[in-house]
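The residues making up each chain are set out below.
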Amino acid sequence: VQLAESGGGLVQPGGSLRLSCAASGFTFSTYIMSWYRQAPGKARELVATISSAGAPTNYADSVRGRFTISRDNAKNTVYLQMNSLKPEDTAVYYCNARWMRTNYWGQGTQVTVSA
């Protein structure tokens, strides 16, 4: 089983990034997929979730209207489009796959929002 995040980096406030998470080793289309993030000194928090079929989606209040989660079950990939980025969005972003009691995590990708 592997979840491989990519797309992180350094971006200026107001900028955009698109994170990708490529999955392998399990039946991706049956899993609920989520993005979490963890800032230095803070607990990991849920950012966005998408159901196995692609809808519904849910977002943390802090990112609703700026971030969009989507998935392509044919490519076994989940995405997080992040717009209007703020310094407080700086964190390591993790991909999560969940089905019943099974949870898989990626290694994370760093997102830094700074001028």
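Residues numbered from 1 in each chain as written. Predicted model: local features only at pLDDT ≥ 70, side-chain atom pairs only at ≥ 80, totals over all residues. Heavy atoms only, no water.

1. Here we look at the pattern of salt bridges
- A full pass over the atoms with the stated rule returns four salt bridges.
- One salt bridge connects R37 with E45, and the closest N-O pair in it is separated by 2.6 Å.
- In this structure, R66 and D89 form a salt bridge, with 2.8 Å as the shortest nitrogen-oxygen distance. Here R66, found in the loop between β6 (57-59) and β7 (67-72), pairs with D89, found in the loop between β8 (77-82) and β9 (91-99); they are 23 residues apart in sequence, far enough to count as distant. Here the two residues R66 and D89 agree in accessibility, since each one is buried.
- By sharing partners, the salt bridges in this structure join R37, E45, R66 and D89 into a single network. (Salt bridge = Lys/Arg side-chain N within 4 Å of Asp/Glu carboxyl O. Helix = DSSP H or I, 4+ residues; strand = E, 2+ residues; numbered from the N terminus. Buried < 20%, exposed > 50% of the residue type's maximum accessible area, 1.4 Å probe, protein only.)

2. A short note on the sheet that holds strand β1 (residues 2-6)
- On the basis of which strands lie adjacent, the open sheet formed by four strands has the order β1-β3-β8-β7 and antiparallel pairing. Edge positions in the open sheet fall to β1 and β7, since each of these has one partner strand only. Across the sheet, the mean angle from the axis of one strand to that of its neighbour is 15 degrees, orientation sign disregarded. (Pairing = 2+ DSSP bridges. Axes fitted to C-alpha atoms, helices over the stretch in contact; angles between N-to-C directions.)

3. Points about the pairing of strand β3 (residues 17-24)
- The pairing of β1 with β3 spans five bridges and is classified as antiparallel. Looking across to β3, one finds that A4 is bridged to A22.
- For β3 and β8, the ladder comprises six bridges, and the chain directions are antiparallel. In the strand pairing of β8, C21 is matched with V78.

4. Topic: unusual backbone geometry
- With an omega of 5 degrees, the peptide bond between A55 and P56 qualifies as cis.
- Within the fold, P56 resides in the loop between β5 (45-50) and β6.
- At N76, a residue that is not glycine, the phi angle is positive and equals roughly 55 degrees.
- Tracing the backbone through its elements, the reader meets N76 in the loop between β7 and β8.
- A relative accessible area of 27% places N76 in the partly exposed class.
- Even without a glycine there, the phi angle at M100 is positive, about 55 degrees.
- In this fold, M100 is placed in the loop between β9 and β10 (102-105).

5. Concerning the nonpolar core
- The biggest cluster of nonpolar side chains holds 30 residues, and the ones touching the most others in it are M33, W35, V78, L80, M82 and Y93.
- Looking at this core, the elements with two or more residues in it are β3, β4 (32-38), β5, β7, β8, β9 and β11 (109-113).
- Among residues more than four places away in sequence, those in contact with Y93 are E5, L19, W35, Y36, R37, V47, F67, L80, M82, G108, T109 and V111. (Core = buried A, V, L, I, M, F, W, Y, C linked by side-chain atoms within 4.5 Å. Contact = heavy atoms within 4.5 Å.)

6. Some details on the packing of aromatic side chains
- Here the structure, examined in full by the defined rule, presents six aromatic pairs.
- With a centroid separation of 5.1 Å and 45 degrees between ring planes, the pair formed by F26 and Y104 is classed as tilted. Of this pair, F26 sits in the loop between β3 and β4 while Y104 sits in strand β10; the two residues are 78 residues apart in sequence, bridging distant segments of the chain.
- By relative accessible area, Y104 is classed as partly exposed at 23%.
- By way of ring pairs, the aromatic residues F26, F28, Y31, W99 and Y104 are connected into one cluster.
- Over the aromatic face of Y79 sits the side chain of R18, whose NZ or CZ is 4.0 Å from the ring centroid.
- For the cation-ring pair, R44 lies above Y94, with the distance from its terminal atom to the ring centre recorded as 3.8 Å. (Phe/Tyr/Trp six-rings, centres within 6.5 Å; stacked < 30°, edge-to-face > 60°. Lys NZ or Arg CZ within 6 Å of the ring centre and 35° of its normal.)

Everything listed is a geometric property; what it means functionally is a separate question.
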